[in-house]
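# Geometric and topological summary
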Amino acid sequence: MEYKQKNDNALVDMIDIHKYFGSVQVLRGIDFHVDRQEIVGLLGDNGAGKSTLIKVLTGFHSLTRGQIFFDDQAVNIHSPHDARELGIETVHQDLALVPLMSIARNFWLGQEPTYEVGPFRFLDKKMMASESIQALADVGIHIRDSEETVGTMSGGERQSIAIGRAVYFGKKLLILDEPTSALSVGETQKVLDYTIAAKEKGMSVIFITHNIRHVYEVADRFTIIERGHKLGDFYKSEVSENEVADMIVTGQIPERLRLYEEEEGGD
Amino acid sequence: MMQAYFEGKREASNIGMLVAGLIFGFAILGFLIAYGVAFGWVPLGERIDILRSDLNTIETIVTVVSLIYSACCLRTAYGLYSREQASLRWSQWMLFVTVMIGGAILLSVAIPVGLKFSLLLGQHSDLRTVIAADAGGLASMALSIGEALISICLFVIALVALLALLVFLIPPLESLRDRPGTRLIVSPPRKFIQAILAVLSVGVVCFLVAGAAVVPEFPGQTTIRDAENHRLLAGLLFFLPAFFAYRVVRQVEEQSDELRRALALTPGKYIRANLAKSPSAGAIIGFIAILMGFTMATDLFLEPSSVASFLSNVATKGVIAIGVTYLMISGEFDLSVGSILGVTALSFMNFMTHGAPVFGVVGPVSAALLAIFIAFILGAINGVLLISTRIPSFIVTLGTMLAFRAITLVAIAGGRILRYSDHHESLPVIGISNIVFLVLAVIGIGVVAFTAYRVLPALYRGASQAWSIRRDNGDFGTSGAIVRGAVFALILAILLAIVIWLVAVLSYHGSASGGQIVEVGYFDLFNGRVLQIGSEGDFFHMQIPRNANVRLAIVWWFIFVAIFHVVLTSTSFGNSIFATGGNEGAARAQGVNVDRVKLQNFVIVALLTGIAAIYETARNPGVDPLKGTGWELEVIAMTVIGGALLTGGYGSVVGSLLGALIFGMLQTGLVLVGIESRLFSGTIGVIIIAAVVLNTLVRGGQRN
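On to the overall build of chain B, then. Regarding its fold elements, chain B presents 28 helices and 6 strands. A burial count over chain B gives 38% of its 704 residues as buried. Across chain B, every contact between residues at least 6 apart in sequence was considered, and the portion connecting residues at least 24 apart equals 76%.

Our next topic: the interface of chain A and chain B. Counting from both sides, the interface comprises 24 residues of chain A and, opposite them, 21 residues of chain B. Taken together, the elements giving at least two residues each to the side of chain A that touches chain B come down to α2 (80-86) and β8 (120-123) of chain A.

Turning next to the confidence of the model for chain A. Summarising the model, chain A shows a mean pLDDT of 82, and 94% of its residues fall at 70 or more. In the predicted structure, residues 263-267 of chain A sits below a pLDDT of 50 and forms 0 contacts with residues beyond four places in sequence or in another chain.

So, on to the pairing of strand β4 (residues 65-70) of chain A. Residue and element names in this part refer to chain A. Here 5 bridges tie strand β1 (residues 10-21) to β4, and the two strands are oriented antiparallel to one another. Counted as the bridge partner of D13 is F69 from β4. Relative to strand β5 (residues 73-75), β4 is paired through 3 bridges, and the arrangement is antiparallel. Across the sheet, I68 pairs through a bridge with V75, a residue of β5. Hairpin connection, β4 to β5: the antiparallel pair is bridged by 2 residues, and D71 has positive phi, about 55 degrees.

Residue and element names in this part refer to chain B. Closest axis-to-axis distance for the helix α14 (residues 304-329)/helix α22 (residues 552-570) pair is 9 Å, and the angle between their directions is 20 degrees. In terms of orientation, α14 and α22 fall into the roughly parallel class. Regarding α14 and α22, the two cross each other, and that crossing is left-handed. Contacts between α14 and α22 pair L311, S312, A315, T316, G318, V319, I322 and Y326 from the former with A553, I554, W557, F560, V561, F564 and L568 from the latter. The class makeup of the residues in the contact of α14 with α22 is 12 nonpolar, 3 polar and no charged.

Moving on, we get to the nonpolar core. The tendency in soluble globular proteins is for nonpolar side chains to be buried as a group. If you look at the biggest cluster of nonpolar residues, it comprises 168 residues, and the most contacted ones within it are A:F207, B:V324, B:F348, B:A371 and B:I662. Sort the elements by how many residues they give to this core and α14(B) lands first, with 14 residues. With near-sequence residues (within four places) excluded, A:F207 lies in contact with A:I39, A:V40, A:G41, A:L42, A:L176, A:T195, A:V215 and A:A219. Within the second largest apolar cluster, 23 residues are counted, among which are B:L22, B:F26, B:A27 and B:A245.

What follows deals with helix α23 (residues 572-582) of chain B. Within α23(B), 9 of the 11 residues are buried, which leaves it mostly tucked inside the rest of the structure. Those residues of α23(B) that fall on the buried side of the exposure criterion are B:G574, B:N575, B:S576, B:I577, B:F578, B:A579, B:T580, B:G581 and B:G582. Buried residues in α23(B) make contact with α3 (103-108) and β8 of chain A together with α14, α22, α24 (584-589) and α25 (594-619) of chain B.

This part takes up the environment of B:V654. All names here are of chain B. Note on placement: V654 falls in helix α27 (residues 653-673). Residues V654 and L311, 343 residues apart in the sequence, show an inter-C-alpha distance of 15 Å. V654 has contacts with S280, V561 and H565, leaving out every residue within four places of it along the chain.

On to the sheet that holds β4(A). Residues and elements named next belong to chain A. Strand order across the open sheet formed by 4 strands is β2-β1-β4-β5, with antiparallel pairing between neighbours. Looking at the sheet topology across the chains shown, the edges are occupied by β2 (24-35) and β5. On average, each strand axis in the sheet is inclined to that of its neighbour by 25 degrees, with strand direction left out of account. For β1 and β2, the ladder comprises 9 bridges, and the chain directions are antiparallel. Considered in β2, the bridge of D13 is made with H33.

A separate point is the packing of helix α15 (residues 337-353) of chain B against helix α16 (residues 364-389) of chain B. Residue and element names in this part refer to chain B. Between α15 and α16, the least distance of the axes is 8 Å, while the angle of their chain directions is 150 degrees. Taken together, the axis directions place α15 and α16 in an arrangement best described as roughly antiparallel. As α15 packs across α16, the resulting crossing turns out to be right-handed. Taken together, the residues of α16 that come into contact with α15 (itself represented by I340, V343, T344, S347, F348, F351 and M352) are P364, A367, A368, L370, A371, I372, I374, A375 and L378. Here the residues of the contact of α15 with α16 are counted per class, giving 14 nonpolar, 2 polar and no charged.

To continue, consider α16(B). Counted at 1.5 Å a residue, the expected span for α16(B) with its 26 residues is 38 Å, and the 37 Å between its end C-alpha atoms agrees. Where α16(B) ends, the next residue or the one after it, B:R390, has phi of about 60 degrees, a positive value.

What follows concerns the sheet that holds strand β3 (residues 39-43) of chain A. Residue and element names in this part refer to chain A. Pairing is mixed across the open sheet formed by 6 strands, whose spatial order is β6-β9-β10-β3-β11-β12. Looking at which strands have only one partner, the edges of the open sheet turn out to be β6 (88-91) and β12 (229-235). Taken over all neighbouring pairs, the strand axes of this sheet differ in orientation by 15 degrees on average, direction set aside. Against the sheet, helix α6 (residues 185-200) makes contact with β3, β9 (173-177) and β10 (204-209), and its axis sits at roughly 155 degrees relative to β10, the strand it touches most. Packed onto the sheet, helix α7 (residues 241-250) meets β3, β11 (221-226) and β12 and runs at close to 15 degrees relative to β11.

Time to look at the environment of B:V361. Residue and element names in this part refer to chain B. Within the element layout of this structure, V361 appears in the loop between α15 and α16. Placed 10 residues apart in sequence, V361 and F351 show a C-alpha to C-alpha distance of 5.7 Å. With near-sequence residues (within four places) excluded, V361 lies in contact with M352 and G355.

Residue and element names in this part refer to chain B. Across chain B, the average pLDDT comes to 77, with 76% of residues at 70 or higher. For the stretch residues 220-224, pLDDT sits under 50, and the model shows 9 contacts to residues farther than four places along the chain or on other chains. Contacts of residues 534-543 to residues separated by more than four positions or lying in other chains number 22 contacts, the stretch itself having pLDDT below 50.

Rules used in this analysis
- Residues numbered from 1 in each chain as written.
- Chains lettered and ligands numbered in written order.
- Predicted model: local features only at pLDDT ≥ 70, side-chain atom pairs only at ≥ 80, totals over all residues.
- Helix = DSSP H or I, 4+ residues; strand = E, 2+ residues; numbered from the N terminus.
- Buried ≥ 20, exposed ≤ 12 C-beta atoms within 10 Å, placed from the backbone.
- Contact = placed C-beta atoms within 7 Å.
- pLDDT = per-residue confidence, 0-100.
- Pairing = 2+ DSSP bridges.
- Axes fitted to C-alpha atoms, helices over the stretch in contact; angles between N-to-C directions.
- Parallel < 35°, antiparallel > 145°, perpendicular 65-115°, else oblique.
- Left-handed = near helix turned anticlockwise from the far one by under 90°.
- Nonpolar A, V, L, I, M, F, W, Y, C, P; charged D, E, K, R; others polar.
- Core = buried A, V, L, I, M, F, W, Y, C linked by C-beta atoms within 7 Å.
- Expected span 1.5 Å × (residues − 1).

Okay, here's the thing in structure tokens:
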């Protein structure tokens, strides 16, 4: 089947995405797009398919049917490495850092800077240390010692480092998968600051959560997913925080917005 | 007090001067010891005859260390005398080292006495009456008191442990739980533990006193010489004053902010913090303890020939342990290395005697390469099975362990041994031209000279700068430069020694054969006795018997350790190994190809096992069907002692080296001490658990 890009100026345009695990249909024809320099809140209750959608985009799962356009190009993303090559950085909920490794090594994992001695390549440890401290400081994360192991740090500190790393390496798109679910109020606020910092750097952000309160402040647009279908896209100007929260829980679009949605779909 | 001293107040000068004088005294003492040992006044261990030219290994080490120690003490005393703030830190370190030296000397008297006495007590049931008759009432009283105290303590400890276990086992009865007695048993207060320890040590001292009195009385057991009693005096002279001075200097912390900052990192804390960073803390502590223990317990332990034999015994297993460490860090492990070793050894031998499938009967080098290729295939089978089926590696390699073993069992019919000598009349020999040795020696000299020229000046500058900075602020971070300089100098010295050895080989064979061609056995090149390739062994007046079992595999082993250590710690491949074992999901999310890393590691293990198999076969050119059985667990034991976590993500190659060394030292040392070698596996069992517990304790809350 041939697919055409629907949103011309979008950074990411995912069209008619289907994902089946055996007979279980997790995603059933979702259209999802992210514009340039936009923060999208991807919302939905637990099990709605948010994480699966993102794992399709980042190459963890291959899609069953559908097409992804990135930067106006049709792309096939087969591995996390492919996604990274495109400029997509992801902070996963559960698998962000290696606890027994130092901050610097975690920071550079998978793309370590090296110098060459003859045919051999060695890690540039000095640069790894100084650059990671500097890069984290740029987004407002101050660490004492880049040789400290991540296992000794608190959940908030770890999340900060994972996000700082993603902001540093991310070229075009930053995906945050439930970044605030285990954080205190203060730490959540920090994560929101990093998100804005990423946007100011010129990146787009997908912020996945099931808790609207965490994202309403910073997001430009909300995409709500409900049992493998998309409920709709809503700009922040159109909806209130409570309406979005209701939609996530009930899976129903309120009367007021339904007309608007149909108009949108019409053009 | 000390603060006032550094500010130059007159009334406070006493205590500072006292400490300075004490440290000066230690310097003199260290120098006296070095002098006494070097000139034969104080013999340590066995020596051939009392001439100052033939120091044995222990004496050489003691002399050098004492001189360095003495120099450091002088520097510290001078710093204290001239009222440099930084010298306080120095003096703390020197006092700490002095306490350690004193303790070591005391132990060096106590361990042999205790050991010999216990062995005596075990051997002679009528010893007590003999003691009462010969050594007098005092010794037998000390023995009774010592034994009584020790057994009381052990009894109390056992009782408390048993009661605690019972309290833990029975369901919590409300009335029982709140009783103070229960709490006392479940978590004994500090005072109680200290009291038990104090009584125990008094008992041990009594026991030792009795031993010191009794052991010389026994004909054939009189190895406690006067020298050992002199050592007791020296040990006390070092230990007691340094211990009290260390306590005094530590109390200075309270007096001013500046000093508190300077002293925040006491030697104990410094060592602990640095050990906690190292994956192989337990192995380091264990290595030092076991090395010191055996050195003190028997004079034979540091003899070049016993060191050589224990190194040779573990070198091949040590090579495998490197690979197993890699695999374990990446979160998998391999039970099939023993079988892979058997298959590789069999193939190697078979290719040389019966012929390889395509090539026919081949020479040793081609046979070795083909055999290692077979090991590569076996490792790849392990890896592919693991990543394609996703079965735990325990199951996969348990299966392949049994399956690969079948190959040797089928290939070599019942109970036979495939021997090289059954098919060939003599061992394979290669003729090497003298020129090759000459060229190697010239290249070696070139490398040494070039490295020295490039590296040493910078290192010297760094070290001297650090030395001068230290005078001002006592910052111990600068000591890295000095250590680096020393280590590089040492490496250069070793390289130089190899070059000298090459030249010696050249001159020896040049004169022996008279011609141009030197004949060297192929097997000797793989894993021969180094000193038999070379000339008469006489290194810097240290007598090394020529038949000492220094195998070439030891050299290969150390080279492999160096290479694999660098790869693990300083390349992106090493980084991805740690990540794969530490958090597979995170590694995958960051674009690390986890499956490839695991496959690579299985292949690395198999290749190293193949190389080890060549060493084994070269050392003893015969293969039986059960070759390598049981090696897998021994190698895993070495790796675990070395600090690798079974769960992955943590470990080091140097740790595996230390683990293998501990293994070898125990194997040789237990025999030399006179303890039955049947106790070996029991000891290793205890050591494994102790090492892992130590690793966990030292690492503290870091693991997560």
